[in-house]
Amino acid sequence: MDNRLRYVDFFDADTVYVNESIKLDSLLVDKCKIKVVGNDFSLNTCQVENAIYFISDRKRKLKSNNYDEYIVVPGFSNPRWIIRNDANIINNQGNIIKPTSFLAYTVWEVAKFISKFDYMSLIFPNRIIATSRSLEKNILANDSNSIGIIYTGAKGEFQKFTLQVWHDSKSIVSYLKFGNQSQSRKKVGHEHHSLELLSKIKFDRVHIPKILRFKLDSDHAMLETQNIVTGQDKKVDVLLNVDYLALLEIYNESGKKNTSVSEYINDKNIYKSVILDLLGENFHVNISNSHGDYTPWNRFILDNEVKIIDWEDFSKRVMCYDLVTFLFSEGVLIKKSNLNKIQKKCE
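Basis of the calculations
Residues numbered from 1 in each chain as written. Predicted model: local features only at pLDDT ≥ 70, side-chain atom pairs only at ≥ 80, totals over all residues. Heavy atoms only, no water. Helix = DSSP H or I, 4+ residues; strand = E, 2+ residues; numbered from the N terminus. Buried < 20%, exposed > 50% of the residue type's maximum accessible area, 1.4 Å probe, protein only. Patch = residues over 30% accessible without salt bridge, like charges linked within 9 Å, V, L, I, M, F, W, Y side chains within 5 Å. Areas by Shrake-Rupley, 256 points an atom, 1.4 Å probe, with all protein chains shown as cover. Salt bridge = Lys/Arg side-chain N within 4 Å of Asp/Glu carboxyl O. Phe/Tyr/Trp six-rings, centres within 6.5 Å; stacked < 30°, edge-to-face > 60°. Core = buried A, V, L, I, M, F, W, Y, C linked by side-chain atoms within 4.5 Å. Contact = heavy atoms within 4.5 Å.

Student: Explain the side chain of Gln181 to me, using residue names and the numbers behind them.
Tutor: Following the sequence through the fold, Gln181 ends up in the loop between β9 (171-179) and α6 (182-198). Residue class for Gln181 comes out buried when judged on its relative accessible area of 18%.

Here it is, written out as structure tokens:
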């Protein structure tokens, strides 16, 4: 089952009604106690309040004022983003897709334009309609805040949700991360622990998010962090001198440790024997603090300050790991370069 469909849980309903225009996995139906009602989407016919409908119709509208609408992008078969159909939120949004093709950027820009005229469903017909309920009621502490986008994450045991929190549909104030599986709960918990450690360090040019809320129980892990990215920040797809200085700050604060490759590489690493054959057991490396996912979409530049988000992979690693990660992400995922070009940059 695609675990990304678990976003239905955020509505926190004892009974959720679903329109038959989408067929959900039977396990999800059982878990969420979903009941299927008739094909007619009109509430005047169904007489169902507190309902959630999944529809795949470009023209169909709800005959009610008491509802919230969310666009599923690209669609129900691959629900990567769940976006509130609010023209202010959509048009104040940057590029939600990272990294991707020119075509995807173009589609999103066109969608932003037509959302001003309430025609978003023409491009993205898969929608979620929630009547007499919303995501915000059970999740947010501030009544004037709302959820703009749900990033559903990658499928699998590490899958988690990231919810974008808006204030009065004008600006992003925070991000909520939810993990509802064993491994994803550990990931969210690890990021909380990492940000706690980093918050005690006084950096000159590194800016990290502030923890606003954290909750961990047997079913979910939830972490809310302050949004530190503004419209003035630059998303630059190449390494700058300030990147080197910022990463040196992170490395120097923990101090580097010289260790052998055999000690550094985890025994569970399936490539350990190959690496040891290449380098030898006595080959030594310097390890230090590492962000773990230092990419063009996780760091933003403002003058001489580097704002870094998504610290869930923070750990001790070989020094320069973050630089190589950035070059690989820039080369393969953005510029589609071949590995030879990336290797030359790393050298």
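Student: Please give an account of a nonpolar patch on the surface that cites residues and values.
Tutor: There is a patch of nonpolar side chains on the surface, built from Phe113, Phe117, Tyr119 and Leu122 and spanning about 450 Å² of accessible area. Here Tyr119 shows up in the loop between α4 (102-115) and β6 (126-131). Here Tyr119 falls in the partly exposed class, since its relative accessible area comes to 48%.

Student: I'd like a rundown of the packing of aromatic side chains, residues and numbers included.
Tutor: Any two aromatic rings considered together are summarised by their centre-to-centre distance and by the angle between their planes. For the coordinates displayed, the defined rule picks out two aromatic pairs. Ring geometry for Tyr294 versus Phe326: centroids 5.9 Å apart, planes at 45°, classification tilted. Remark: Phe326 occurs in helix α10 (residues 321-334) and Tyr294 occurs in the loop between β14 (284-290) and β15 (299-302); sequence separation between them is 32 residues. Overall, Tyr294 belongs to the buried group, its relative accessible area being 0%. Taking 5.7 Å as the distance between ring centres and 65° as the angle between the ring planes, the aromatic pair formed by Trp311 and Phe314 counts as edge-to-face. A single burial state applies to Trp311 and to Phe314, both of which are buried.

Student: Can you lay out the nonpolar core for me, pointing to particular residues and giving the numbers?
Tutor: Residues Val206, Ile250, Tyr294, Val306, Ile308 and Trp311 are the most contacted members of the largest nonpolar core, which totals 24 residues. Listing elements by their share of this core, those giving two or more residues are α6, β12 (221-226), α7 (241-254), β16 (305-308) and α10. Examining the composition of this core, we find that five residues originate from one element, α7, more than from any other. The residues contacting Trp311, other than those within four sequence positions of it, are His190, Glu191, Ser194, Leu195, Leu198, Ile208, Pro209, Ile250 and His291. If you look at the next biggest cluster of nonpolar residues, it comprises 19 residues, including Ile52, Ile82, Leu176 and Phe178.

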